[in-house]
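Residue strings, one per chain:
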Amino acid sequence: MATILAIETSCDETAVAIVKNRQVLSSIVSSQIELHRTYGGVVPELASRQHLEIINPCIAQAMSEARLDWQDIDAIASTCTPGLVGALLVGVAAAKTLSMIHNKPFLGVHHLEGHIYASYLAQPELEPPFLCLLVSGGHTSSIHVKDYGEYKLLGSSRDDAAGEAFDKVARLLDLGYPGGPIIDRLAKKGNPKAFKLPEGRISLPEGGYHPYDFSFSGLKTAVLRLVEKLKAEGEVPVADIAASFQHTVAQVLTKRSVQCALDHNLDTITIGGGVAANSGLRKYLTEAAAKHQLKVYFPPLKFCTDNAAMIGCAAAEHFNLGHRSRLNLNVQSRMAISKVMELYEV
Ligand code: KG4
Ligand code: ZN
């Protein structure tokens, strides 16, 4: 059993958790949404400064809520990639410092592997292989979880991430930030079939379309054109537009991930990221999975959105397998999920 203190500062949540293998002993998440709301999106420099200000109180609170002393902690972990470099640096510097002071191993964690581990937290008996659909403000990825530490990216968005599309459409409809929950609420009052919107497809050089990739920027532009046209005509039925947009995104995510799971003989799909909260996606994916005898797991939202418990859970797995990171491990804004093992000395 490994007890890990984990830190997550890759974007706009400052999070610290203490995790014992797949059990969460404490999980502190301080969201910066209010700080960034005025700008309609995350301002990287503000994010880093805010992380710096509250990281130490978050660490102290996580330790006190778990009722542990430093001697009970086996290792210190922090997200080191992908993310905003300045923001990642705060968490990684804090983790390395604690590792040196308390003489504990340090582990860097890939943020997307953390999102995958949210499913293990929610479903401790879950075992690979399975398909993880990761849909957040920064990522839209279908990841084949082949084994522990062994991942293959099967599909991803070529432009906007799914959550980013929700945020941008909400902005052009003047609905506020972040857009996902607002559109989700409004969509309940609208007609999802009111407007036919494009699904977004990626053409292949040899002809046809990529079966699992996504593209949301054309959809966003189609909504923009539709709003301009309706405005010129007089009235903009916001709830119908929200419902039609959400219907299109949820359908395309469902269709392509179910196809991807079936084509790869995977009987389980797990979801991660903030868009996992979307009621349309939950409904369509649950129905489609039942139709094809697939299991589908939506972890509780507190594990789907950015948190440090998922990072601690991934780190515990690596720690138990004997993996350690070097203290000179650098942060990286991007890194393929298939390369996670490069973060460790085995
Ligand atoms: O995973 P997350 O908290 O942060 C990262 O991007 O890493 O995801 C935030 C994203 C935002 O784009 C937000 O609009 C979207 O998740 N989101 C939703 C819903 N709740 C949050 N999108 C659609 N429907 C929702 N109910
Ligand atoms: Zn995330």
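Scroll up for the structure.
In short, a report on the structure. (Residues numbered from 1 in each chain as written. Chains lettered and ligands numbered in written order. Predicted model: local features only at pLDDT ≥ 70, side-chain atom pairs only at ≥ 80, totals over all residues. Heavy atoms only, no water.)

### Some thoughts on the packing of helix 2 (residues 44-66) against helix 3 (residues 85-102)
The axes of two packed helices give the description: the angle between them and the distance between them.
Step number 1: Remark: helix 2 packs on helix 3, axes separated minimally by 9 Å, with the N-to-C direction vectors making an angle of 30°. The angle between the axes of helix 2 and helix 3 places the two elements in the roughly parallel class. Crossing hand, helix 2 versus helix 3: right-handed. Contact residues: helix 2 offers Ser-48, His-51, Leu-52, Ile-55 and Ile-59, while helix 3 offers Gly-86, Ala-87, Val-90, Ala-94 and Leu-98.
Step number 2: Its residues assigned to classes, the contact of helix 2 with helix 3 comprises 7 nonpolar, 3 polar and no charged. (Axes fitted to C-alpha atoms, helices over the stretch in contact; angles between N-to-C directions. Helix = DSSP H or I, 4+ residues; strand = E, 2+ residues; numbered from the N terminus. Parallel < 35°, antiparallel > 145°, perpendicular 65-115°, else oblique. Left-handed = near helix turned anticlockwise from the far one by under 90°. Contact = heavy atoms within 4.5 Å. Nonpolar A, V, L, I, M, F, W, Y, C, P; charged D, E, K, R; others polar.)

### Overview of the site of ligand 1
Step number 1: Looking at ligand 1, there are 18 residues lining it, with Gly-137, Asp-167, Asp-184, Gly-274 and Asn-278 nearest.
Step number 2: Interatomic distance of 2.9 Å between a side-chain N/O atom of Asn-278 and a nitrogen atom of ligand 1.
Step number 3: In isolation ligand 1 exposes 550 Å². Once the protein is present, 87% of that is buried.
Step number 4: Counting residues per element, the ones that place at least two in the shell around ligand 1 are helix 5 (162-172) and helix 6 (179-187).
Step number 5: Grouping the constituent residues of the shell around ligand 1 by class yields 5 nonpolar, 10 polar and 3 charged. (Near = heavy atom within 4 Å. Polar contact = N/O pair within 3.5 Å; in protein donor to acceptor, adjacent residues only side chain to side chain. Areas by Shrake-Rupley, 256 points an atom, 1.4 Å probe, with all protein chains shown as cover.)

### A closer look at the state of the cysteines
Step number 1: The tally for this structure, following the rule as stated, stands at 0 disulfides.
Step number 2: We note that Cys-58 lacks a disulfide partner, and the nearest cysteine sulfur, in Cys-11, lies 15 Å from it.
Step number 3: Owing to a relative accessible area of 5%, Cys-58 belongs among the buried residues under this scheme.
Step number 4: No disulfide involves Cys-132; its sulfur sits 9.1 Å from that of Cys-304, the nearest cysteine.
Step number 5: Overall, Cys-132 belongs to the buried group, its relative accessible area being 0%. (Disulfide = S-S within 2.5 Å. Buried < 20%, exposed > 50% of the residue type's maximum accessible area, 1.4 Å probe, protein only.)

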